[in-house]
Amino acid sequence: MAIRNIRIMGDPVLSKECKKVTQMTERIQILIGDMLDTMYDAQGVGLAAPQVGILKSICVVDITDDKSGQYVLINPEIIEADGSQTGEEGCLSLPGKQGTVTRPQHVVVKALNEKMEEVTIEADDLLARAFCHEIDHLHGHMYVEKVEGELKDTERAQEDEE
Ligand code: NI
């Protein structure tokens, strides 16, 4: 496993639609392992494949600080969304910045896991926010498109980022 280079906003790969994964391969297994390593190394709570330059519909999320809540989502889709929450969001592809974004309070995500089995995951609060943020990346969208008001500088640039 290895740490990959995180692409920064302005890189064209971050504004493209990802391709769905149709079969698990050794290359994709390595990619997923590297994405997890890269996310934890950068102290992020999520990372999408385009952020490491790969246009495949894969993202990883872990909002815990002890690696106990790891999700690997392949071809994820939000199939239900309810309520709303407004809060601060950041992104590893835009270090040192954060902004206020409104997201659903609750989502149901359908995806494939690493064994290519269909899974359905319910999420609330920060986990719902993280899933929405990462799934947006898979469709070429950055959170800055949804920011209410100004983007702000964060002093804790390496923390709380997705
Ligand atoms: Ni992001």
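This one's a predicted model, so the numbers in the text were calculated from it and none came from an experiment. (Residues numbered from 1 in each chain as written. Predicted model: local features only at pLDDT ≥ 70, side-chain atom pairs only at ≥ 80, totals over all residues. Heavy atoms only, no water.)

Looking at the secondary structure, you find Q85 in strand β4 (residues 85-89). Overall, Q85 belongs to the buried group, its relative accessible area being 14%. Within the structure, the side chain of Q85 is placed 2.8 Å from the backbone oxygen of D125, a separation counted as a polar contact. Sequence-distant contacts of Q85, that is, excluding residues within four places in its chain, are made with V101, T102, R103, P104, Q105, D125, L126, A128 and R129. (Helix = DSSP H or I, 4+ residues; strand = E, 2+ residues; numbered from the N terminus. Buried < 20%, exposed > 50% of the residue type's maximum accessible area, 1.4 Å probe, protein only. Polar contact = N/O pair within 3.5 Å; in protein donor to acceptor, adjacent residues only side chain to side chain. Contact = heavy atoms within 4.5 Å.)

Let's shift gears to helix α1 (residues 26-41). For α1, which comprises 16 residues, the first-to-last C-alpha distance of 22 Å matches the rise-based estimate of 22 Å (1.5 Å per residue) to within 8%. For α1, the complete set of buried residues consists of I28, L31, I32, G33, D34, M35, L36, T38, M39 and Y40. If you follow the buried residues of α1, they end up packed against β1 (46-48), β2 (58-61) and β3 (71-82). Downstream of α1 by a residue or two, Q43 has a phi angle that is positive, lying close to 55°. (Expected span 1.5 Å × (residues − 1).)

In ideal tetrahedral geometry, four donors around a metal make angles of 109.5 degrees, whereas ideal octahedral geometry with six donors gives angles of 90 or 180 degrees. The protein atoms that coordinate the nickel ion are C91 (SG), H133 (NE2) and H137 (NE2), at distances spanning 2.0 to 2.2 Å. When the donors of the nickel ion are listed by position in the chain, the intervening gaps give C-x41-H-x3-H. A residue pair is termed long-range when its members are at least 10 positions apart, and C91 in the loop between β4 and β5 (97-103) and H137 in helix α2 (residues 125-138) qualify at 46 residues. When its relative accessible area of 0% is taken as the criterion, C91 is described as buried. (Donors = N, O, S within 2.8 Å, 3.2 Å for Na, K, Ca; no water.)

Each regular strand carries side chains that alternate between the two faces of the sheet. Two elements, β4 and β5, share five bridges in a ladder whose sense is antiparallel. The residue of β5 that forms the bridge with Q85 is R103. Relative to strand β8 (residues 148-153), β5 runs antiparallel, the two sharing three bridges. If you follow T100 over to β8, its bridge partner there is E148. (Pairing = 2+ DSSP bridges.)

If you walk across this open sheet you meet the three strands as β4-β5-β8, and the pairing is antiparallel. Single-partner strands in this sheet number two, and they are β4 and β8. Between one strand axis and the next, the sheet turns through 25° on average, direction left out of account. The sheet contacts of α2 involve β4 and β5, and relative to β4 the element is tilted by about 65°. (Axes fitted to C-alpha atoms, helices over the stretch in contact; angles between N-to-C directions.)

Once that is clear, we can look at the sheet that holds strand β6 (residues 106-112). If you walk across this open sheet you meet the five strands as β1-β2-β3-β6-β7, and the pairing is antiparallel. The open sheet is flanked by β1 and β7 (118-124), the only strands paired with a single partner. Each strand axis lies, on average, 35° off the axis of its neighbour in the sheet, ignoring direction. Of the strand pairs in this sheet, β2 and β3 are connected by four bridges, and their pairing is antiparallel. Directly across from V60, in β3, lies its bridge partner V72.

Let's shift gears to the pattern of salt bridges. Under the criterion given, the structure shown has nine salt bridges. For K152, the salt bridge is made with E88, and the minimal N-O distance between the two is 3.2 Å. Highlighted residues: K152 in strand β8 and E88 in strand β4, separated in sequence by 64 residues. K152 gets classed as partly exposed once you look at its relative accessible area, which sits at 33%. Of the charged contacts, one joins E89 and R103 as a salt bridge, the two residues approaching to 2.6 Å between their closest N and O atoms. With a gap of 14 residues between them, E89 in strand β4 and R103 in strand β5 connect regions that are remote in the sequence. Here E89 matches R103 in class, with each residue buried. Each member of the salt-bridge network shares a partner with another, and the members are E89, R103, R129, D136 and K146. (Salt bridge = Lys/Arg side-chain N within 4 Å of Asp/Glu carboxyl O.)

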